[in-house]
Amino acid sequence: MEDCTNIWTVSCRDSMFAGIPMESPGSKIDSNDGDIFDKYLFISKKDKTMVLGCGEELQELQQTDFYTDGPTITVGSLLNGTRILQVYDHGLRLLDNEGKLTQLIPIDEPFEKGLIVFAHIVDPFVLLLFDNGDISLMKVNEKTKIIEFHSRPERINVIPTVSCCIYRDDTELFSLVKDATPKFSFLKSDKKRKMSVHLSPMNLDDDEFDDLCKGFQTQNLNENIDANPENKMEIDTEVKSNESPRVLDEVNEENVSGKVEKLEEATYWCTLFKQDGSLEIFKLPDFDEVFLFPHFDLSPAVLFDFASRQNLNSTQKSEIKEILLINFGKRSKEPYLIARTSVGDIIIYKAYQYIPGSDVFDPYQKSQSQAELSGRLAIRFSRVSQEYISRDTIYSDIHDKPVSKRSTQQENSNDMNQFNDASERQNFRLGQITRKIIPFSNISGYNGVFIAGIKPAWLLVANNNFLRLHPMSADGEIKCFTQFHNVHCKRGFLYANHENNLRLSGLPSDFRYDMEWPVKKIPLRRTGYGVEYHAEMQVYALATSIPVEFILGDENEDPINDAEQDRDQLLPETLKFSLELISPVTWETVDRYDFMEDEQILCIKCVNLQTKSTSSGRKSFIAVGTGFFRGEDVGMRGNVYVFEIIEVVPEPDNPQTNHKYKLLCHEEVKGSVTAICDVKGYLLTCVGPKIFIRAFEDNDRLISVAFIDIQIYGNSVVSVKDYILLGDVYKSVWFLGFQEEPAKLILVGKDYHSLEVSCLNYLIDEPMLYIAVADMDKNIHLFQYAPYNVQSFSGQKLIRRGDFHVGAQVKTMLSMPKKELVRNSPIEQGSSRYLEEDTSGSKLLCLCGTLDGSISIVTPIPERMYKRLQLLHSKMVTGIQHVAGLNPKAFRLLNSKQKLAINPAKGILDGDLLFQFQNLAIHRQKEMTKHIGTTVERIIDDLLAVQGSCDYF
């Protein structure tokens, strides 16, 4: 799809439904009727517009009254979905559901000045933005079914408008101060009449209790609320003297069912962002100004109302190019204000109700009379913190060279007359009419906003009512996007990527999007202990257990008969372990191997061992280490299993059952096998205080070739080339080397301090090798083998390079290649992307999983970047407000149960704190970077490099 700039889908109903809103229950249409699906697909190009019919196939419509001679600005529906409105640069067209023209509205303005660049359609209003910064409001007449220009005050267009939108409020949150104050009158002391309602939280269900708590959040904290000695909540409800209780009313059609529902009419508000950086909200249709914030372009933490415009002129040119005020939510909707800057940053605000004058300690409150405040909007906006940086990486430089300063002074002017060439003017206009913030109402049951561009992202609010941002990096740059509902793709979406391919897709319905990452849960109905992925067969090996009845044995470990057992004995349950083979297609168990009684799986690993069955001499196997637990009076023993995953003939009607386990080797050892890995085609096992290297001979037996004694108990082991990293449960880290001819294990270096190792892995920052170690005290340590360092005693002692308190015990670590952006071509002015991802493996990061379900990442960064971010880290500790007044620097210090004889090494920075830099106001960012001698652009580039290094998910 060449030169595609925008796409829209429209579902239009028959005129008989004009009086029925599309959201009402009476508007549901039979599922067999095709009107519930999208009827038209509009594709706007540089020089024309294509209109396609959405039926069994997408077919272009030739003879219609739609505008097709140029690009389209926007398309939407009016009159409860019975009319289609098409807006283009010099006019509007209103059509019926069959595509027949009912009204044509040309724009009688000069071609150079009066062209439409944006339109927002919210039934029954249409807001138009022209290229000179003026706006116009139109409203559809429900009786005559035509669109008419609505009167607006002239002061609206005194300052040019950059972006605008219409907000339809059905949450009753947007209300004036004079209307919102009576809702909270029960907090005042001069109540006329009170009615106490005693509610116990124990008698409420979860939804009622949440609603009750949400109501108490709006109370003024400065009011004196009498404590209830009976631990009951007291709600004072005011009953006006001119009202009579509904129970005394006569029975009529409204209350005959026993339920009285008060339907509130929706209100409409116009939001404008001006060229001077101010944000204004007007109440429609009268255009009464109800909210004004002068410096929205600085993106502060809170947006509060200024009742008068005084000294609001700003000499700085705004970076914000687009705004949208919209409702989010799946269970209960809440208004959010979303803004996009010229460099791609996303700024999100959430509206909350606030009555001016209710808090005398309010730092944002201005000295204004109550009469001035009565006609203002009783809301404020609070900035939503989010860590994802959506800015384009075209200016970032991994070689730490000076970058181009992305200031607004280098942005092109909004005047189209600066271009002499017609094609340049056309490209400039296409950039003006292209919108990146695209709302959608129903995609797989979710409503939200899609952010198009170089780094596309989804903004969703799921069941927990938390706004989540999910990046979409699967298909590169997204040029345009729209939701799509068709018989072949129900509740899906359409988008065009950077290769001009139009793709029809959908969100997986079995994923949950209310977490930081999309999560899919697979119910096992049993406990999992370890999982390994077999890359060659593309299946998962999973160690699980189920509780079984405990069988009592005699002295010879033979089971006692039921007749000999005491009936009054309450026998415990024990665990039965199994090794399952899971298909990633259906997530079902295709094969299972059950272990012996009292045998527990302690470790599982996919190892690459030497074999003669393949031409390469290597093959992947599943190695399992087990131990028998039968009490303190029975000696410990264990087993080593080596499984091969083979292909078999699948079962009928189930093609996923084409893999099975084949047990190749089973060796019994004197002790439990606690850790296992592969080294140069050999199998390494940790059996108590001994480390064994075994060769896999003839695919049927293991032969020991080397061993070494450690001090206490090895619980974690990993190998890299000829080297082995070993974690002792009490005696810290061992760094071993393996020599194949003659075969022997050599102690290269170790840490001589006591450390309870939980797990470990390695980091590579070529040419340096680091060892990341997690302990039982919820810390991460960083060690380095440095034989040329004087303090290492020729490498016998591992040098400590950093420590960091995570706050949760790290149970597993995984080394992954670090993604980097490598420049393959010189910088070209206006080039869309000249940086490509490189995962050659010269640098590795470490992915950490904790017992509380969180995921952490430790990644190496260049020395200059580290020094800049370290200075920023110190400024962020003292320069911003922290949660509950806690100190993040003190929290991240090394925490240990015993006194250590070493000094902490602060070589790891807190990424959560550093990524809060982008949530600061622009003037705060400039102030901090000025103090440390750098620029905002340089810091954002550093954070982008860190974010992109682990962009796998």
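Just above sits the structure.
Quick look at the structure, then. Worth saying up front: this structure is predicted, and the values here are computed from it rather than measured.

Definitions and cut-offs
Residues numbered from 1 in each chain as written. Predicted model: local features only at pLDDT ≥ 70, side-chain atom pairs only at ≥ 80, totals over all residues. Heavy atoms only, no water. Axes fitted to C-alpha atoms, helices over the stretch in contact; angles between N-to-C directions. Helix = DSSP H or I, 4+ residues; strand = E, 2+ residues; numbered from the N terminus. Parallel < 35°, antiparallel > 145°, perpendicular 65-115°, else oblique. Left-handed = near helix turned anticlockwise from the far one by under 90°. Contact = heavy atoms within 4.5 Å. Nonpolar A, V, L, I, M, F, W, Y, C, P; charged D, E, K, R; others polar. Disulfide = S-S within 2.5 Å. Buried < 20%, exposed > 50% of the residue type's maximum accessible area, 1.4 Å probe, protein only. Core = buried A, V, L, I, M, F, W, Y, C linked by side-chain atoms within 4.5 Å. Pairing = 2+ DSSP bridges. Salt bridge = Lys/Arg side-chain N within 4 Å of Asp/Glu carboxyl O. Phe/Tyr/Trp six-rings, centres within 6.5 Å; stacked < 30°, edge-to-face > 60°. Lys NZ or Arg CZ within 6 Å of the ring centre and 35° of its normal. Patch = residues over 30% accessible without salt bridge, like charges linked within 9 Å, V, L, I, M, F, W, Y side chains within 5 Å. Areas by Shrake-Rupley, 256 points an atom, 1.4 Å probe, with all protein chains shown as cover. Arc of directions from axis to C-beta.

Let's talk about the packing of helix H5 (residues 863-879) against helix H8 (residues 922-931)
Working step 1: Where H5 contacts H8, the two axes come as close as 10 Å, and the packing angle between them is 130 degrees. Put simply, H5 runs oblique to H8. Between H5 and H8 lies a crossing whose hand is right-handed. Residues Leu872, Lys875, Met876 and Gly879 of H5 pack against Arg924, Met928 and His931 of H8.
Working step 2: When its residues are assigned to classes, the contact of H5 with H8 shows three nonpolar, two polar and two charged.

Observations concerning the state of the cysteines
By definition, a disulfide links two cysteine residues through a covalent bond between their sulfur atoms.
Working step 1: A full pass over the atoms with the stated rule returns zero disulfides.
Working step 2: For cysteine 846, which is in no disulfide, the shortest distance to another cysteine sulfur is to cysteine 848 and amounts to 4.3 Å.
Working step 3: For cysteine 846, a relative accessible area of 0% gives the class buried.

Here we look at the nonpolar core
Working step 1: Grouped together as the largest cluster of nonpolar side chains are 46 residues, with contacts concentrated most on Phe174, Phe296 and Phe381.
Working step 2: Among the elements that take part in this core, strand S20 (residues 320-328) stands out by supplying six residues, more than any other.
Working step 3: Leave out the neighbours within four places in its chain, and phenylalanine 381 touches Phe174, Ile281, Phe291, Ala301, Val302, Leu303, Leu325, Leu337, Tyr349, Lys350, Ala351 and Tyr352.

Concerning the sheet that holds strand S5 (residues 72-78)
Working step 1: With respect to topology, four strands assemble into an open sheet ordered S5-S6-S7-S8, the strand pairing being antiparallel. Looking at strand neighbours, the two that pair on one side only are S5 and strand S8 (101-106), the edges of this open sheet. Looking at each pair of strands side by side, their axes are set apart by 15 degrees on average, direction ignored.

Some details on the sheet that holds strand S4 (residues 58-60)
Working step 1: Here we have four strands laid out as an open sheet, ordered S1-S2-S3-S4, and antiparallel in their pairing. Each edge of the sheet is formed by a strand with only one pairing partner; in this case those strands are strand S1 (4-10) and S4. Direction aside, neighbouring strands of the sheet carry axes that sit 25 degrees apart on average.
Working step 2: Pairing analysis gives six bridges linking S1 to strand S2 (residues 40-45), with the strands arranged antiparallel. Of the residues in S2, the one forming a bridge with threonine 9 is leucine 41.

Considering the pattern of salt bridges
One side chain can pair with another of opposite charge once the charged atoms of both are near each other.
Working step 1: Inspection of the entire model under this criterion finds 27 salt bridges.
Working step 2: The shortest N-O distance in the salt bridge between aspartate 514 and arginine 512 comes to 3.0 Å.
Working step 3: Among the ionic contacts, a cluster of salt bridges with common partners joins Glu289, Asp305 and Arg376.

Brief notes about the environment of proline 904
Working step 1: The topology assignment puts proline 904 in the loop between helix H6 (888-891) and helix H7 (911-914).
Working step 2: For proline 904, a relative accessible area of 48% puts it in the partly exposed group.

Some thoughts on the environment of phenylalanine 643
Working step 1: Secondary-structure assignment places phenylalanine 643 in strand S37 (residues 638-647).
Working step 2: Here phenylalanine 643 is in contact with Leu579, Tyr593, Phe621, Ile622, Val624, Tyr661, Lys662 and Leu663, once residues within four sequence places are set aside.

A look at the packing of H5 against helix H9 (residues 936-949)
Working step 1: At a minimum axis distance of 11 Å, the contact between H5 and H9 shows a crossing angle of 110 degrees. Viewed along their axes, H5 and H9 adopt a mutual orientation that is roughly perpendicular. Every pair of crossing elements has a handedness; the one defined by H5 and H9 is left-handed. When H5 is examined against H9, the residues Met865, Arg868, Leu869 and Leu872 are found in contact with a partner set consisting of Arg938, Ile939, Asp942, Leu943, Ala945 and Val946.

So, the packing of aromatic side chains
Working step 1: For the coordinates displayed, the defined rule picks out 39 aromatic pairs.
Working step 2: Here phenylalanine 174 and tryptophan 269 contribute two aromatic rings whose centre-to-centre distance is 5.7 Å and whose plane-to-plane angle is 55 degrees, an arrangement assigned as tilted. Here phenylalanine 174, found in the loop between strand S13 (161-169) and helix H1 (177-180), pairs with tryptophan 269, found in strand S16 (residues 267-274); they are 95 residues apart in sequence, far enough to count as distant.
Working step 3: What makes phenylalanine 174 buried here is its relative accessible area of 3%.
Working step 4: A ring pair is formed by phenylalanine 735 and tyrosine 785, whose centres lie 5.2 Å apart and whose planes are at 50 degrees; its orientation type is tilted. You can see phenylalanine 735 sitting in strand S45 (residues 733-739) and its partner tyrosine 785 sitting in the loop between strand S49 (779-784) and strand S50 (799-805), a full 50 residues away along the chain.
Working step 5: Owing to a relative accessible area of 29%, tyrosine 785 belongs among the partly exposed residues under this scheme.
Working step 6: Site record: aromatic cluster; members linked through ring pairs are Phe440, Phe450, Trp458, Phe481, Phe493 and Tyr495.
Working step 7: Lying over the aromatic face of tyrosine 354, arginine 380 brings its terminal NZ or CZ to 4.0 Å of the ring centre.

Topic: a nonpolar patch on the surface
Working step 1: Taken together, the side chains of Trp517, Ile855 and Ile857 make up a nonpolar region of the molecular surface, amounting to roughly 260 Å² of accessible area.
Working step 2: The exposure class of isoleucine 855 is partly exposed, given its relative accessible area of 48%.

A word on unusual backbone geometry
Working step 1: For the bond from aspartate 123 to proline 124, the omega torsion is 10 degrees, close enough to zero to count as cis.
Working step 2: By the secondary structure assignment, proline 124 is in the loop between strand S9 (116-122) and strand S10 (125-130).
Working step 3: Following leucine 284, the chain continues into proline 285 via a peptide bond in cis, with omega recorded as 10 degrees.
Working step 4: Although it is not a glycine, glutamate 172 sits at a positive phi angle of roughly 65 degrees.
Working step 5: Residue placement: glutamate 172 occurs in the loop between S13 and H1.

Here's the deal with the pairing of strand S46 (residues 744-750)
The side chains of a regular strand alternate, residue by residue, between the two faces of the sheet.
Working step 1: Across six bridges, S45 lies against S46 in antiparallel orientation. In the sheet register, phenylalanine 738 faces S46, and the bridge partner there is leucine 745.

A few points about the environment of threonine 181
Working step 1: Mapping threonine 181 onto the fold places it in the loop between H1 and strand S14 (196-199).
Working step 2: The class of threonine 181 is partly exposed, set by a relative accessible area of 22%.

Comments concerning H8
Working step 1: Among the residues of H8, Ile922, Gln925, Met928 and Thr929 are the ones counted as buried. Across the axial projection of H8, the buried residues extend over an arc of 130 degrees, all falling on one side. Every exposed residue of H8 that faces more than 90 degrees away from the buried side is listed here: Lys930 and His931.
Working step 2: Following H8 by one or two positions, glycine 933 has its phi on the positive side, about 80 degrees.

Read these as layout, nothing more, since geometry by itself doesn't imply function.
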